[in-house]
Amino acid sequence: MPVNERAQRALRRRALAAAGALALTGLFGAFAPHARAAADGAPATPASAQAQAPAGSRAHVRLPEPTGPFPVGTTTRHLVDTSREDPWHPGHGHREVMVGFWYPAAHAGWRTAARTAPHMERRAAAHFGSPGGSGHLGYRVPAGAVDWAATTTHARVDAPVARGAGVRPVVLYSAGLGDPRTWNTSLVEDLASRGYVVVTVDHTYDSSEVALPGGRLARSVLPGLAAKRGTDPGRVLRKAMKARVDDTRFVLDRLGDHKRRLSLPHGLAAAMDLRHVGMVGHSAGGFTALQAMHDDRRIRAAVNMDGTMEFPGPGGMSSVSREGVDRPFLLMGTDAADSGEYGRQPSWKALWQHSRGRGGWRGDVTLTGSEHGAYTDAAALLPQLARAGVVRQETVREDIGSVRGERAVAVTRAYVASFLDRFLRGRDDHLLDRPSGRFPEVRVAR
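About the criteria used
Residues numbered from 1 in each chain as written. Predicted model: local features only at pLDDT ≥ 70, side-chain atom pairs only at ≥ 80, totals over all residues. Heavy atoms only, no water. Helix = DSSP H or I, 4+ residues; strand = E, 2+ residues; numbered from the N terminus. Polar contact = N/O pair within 3.5 Å; in protein donor to acceptor, adjacent residues only side chain to side chain. Contact = heavy atoms within 4.5 Å. Pairing = 2+ DSSP bridges. Axes fitted to C-alpha atoms, helices over the stretch in contact; angles between N-to-C directions. Parallel < 35°, antiparallel > 145°, perpendicular 65-115°, else oblique. Nonpolar A, V, L, I, M, F, W, Y, C, P; charged D, E, K, R; others polar.

Draft legend 1. Highlighting the side chain of Ser-436. Looking at the element boundaries, Ser-436 is found in the loop between helix 16 (405-425) and strand 14 (442-444). Polar side-chain contacts of Ser-436 include one of 3.1 Å to the backbone nitrogen of Arg-438. Look past the residues within four positions of Ser-436 in its chain and what remains in contact with it is Tyr-415 and Leu-431.

Right under this line is the structure:
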């Protein structure tokens, strides 16, 4: 299939949430008409009110409940990397990163915790649903049609940590290109309910929006770059990937910095087992997870959910694909024309061939009938919006596929947890060894 045709196919299906080289090219085309309205790309400024329909007239959505035995606690922290300038705005200050912590909470303390956490912070939710946000640009939800700020999680803010089970493996999560760190809360909450401490990382100025202290809102630079004549998508993607990996390694540094302990809910810092760290990501976040594991040996296992790992142009194959890794990884593909099993994707095939050594377990599964957004919160939320008449069924099919949303959620949760349990906890349910009668829609590659 010609490159331009593949790019257009990717553009129609996933726009802002796209992964990899071809999708970034397509996303630039999608952004151009919206760039002026989005007014993105400037350093973080005080958030202004978005023009929205009255909240009462907008649709509401619900996240699926987590399935593990623990209630979930959450907290958010602002981190500043004083060792580097922000790569998207050099000369405007040090790199700022927002991270979310999601963790198993004590039952008694959870019931008395102050409040339930929102899916998205109010300012971030307003931008996400605006003409320049990922909800509209990436998932084609009509701007202002959904009250994203009204969606709640199942986690309580600053709830006390569950005790009695010792330290817990840590899982880093990275979202797709242009998506906020909150756009897989369904998976993140579920992992926390199963006993993991999950740390979600917002890649500032890549993410659709990041709410920073002092009332500032850092909007994505990508729409502005898309509209700029002569922008090189390959150069932008390389810059984005370096920033993402640097963000990941910085967060790991801060988690393990005993001299500058993070101020976290009582017991949370002590509960994190930094000898058993995994990473999960969707789209460009999946690329980030594998590249970060390649570059940093503190990451012991990684999951890439439908993320291409190459750049446009000659010599575009990533170092992780060229050199492989010696630690376990799981690839999760879709039935989209430019996805599928590792043999159909050059960067995945190269990674598969070059990964050797002790502990170099490799897994590859494909969710049949799925499209790129099936591994995100879109799987749970877009069908609700279709039933409410907010989006068309065609939009659901193009973003999620023909697979039912609840099955996509179940598959994502089960396979990611099975992989992490196996390689971070030593608990193997053998789900990844062969096709499963519980999940007939999943193909297992060899």
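Draft legend 2. Looking closely at the sheet that holds strand 12 (residues 329-334). Taken in spatial order, the 11 strands make up an open sheet running 4-5-2-3-7-6-10-11-12-13-14, and their pairing is mixed. Pairing within the sheet leaves two strands with one partner each, and these edge strands are strand 4 (116-118) and strand 14. Averaged over all neighbouring strand pairs, the angle between strand axes comes to 30 degrees, with direction disregarded. Both strand 6 (residues 168-174) and strand 7 (residues 197-202) contribute to a ladder of five bridges, which runs parallel. Within strand 7, the position partnered with Ser-174 by the bridge is Val-201. Docked against the sheet, helix 7 (residues 185-193) engages strand 2 (72-85), strand 3 (94-104), strand 5 (152-157), strand 6, strand 7, strand 10 (272-282) and strand 11 (299-305), running at close to 50 degrees with respect to strand 3.

Draft legend 3. A look at the packing of helix 14 (residues 378-387) against helix 16. Running from N to C, helix 14 and helix 16 point in directions that differ by 170 degrees, and their axes come no closer than 8 Å. In this view, helix 14 runs roughly antiparallel relative to helix 16, as classed from their interaxial angle. Each of Ala-379, Ala-380 and Pro-383 in helix 14 lies in contact with helix 16, whose residues at this interface are Gly-405, Ala-408 and Val-409. Residue classes in the contact of helix 14 with helix 16 are distributed as five nonpolar, one polar and no charged.

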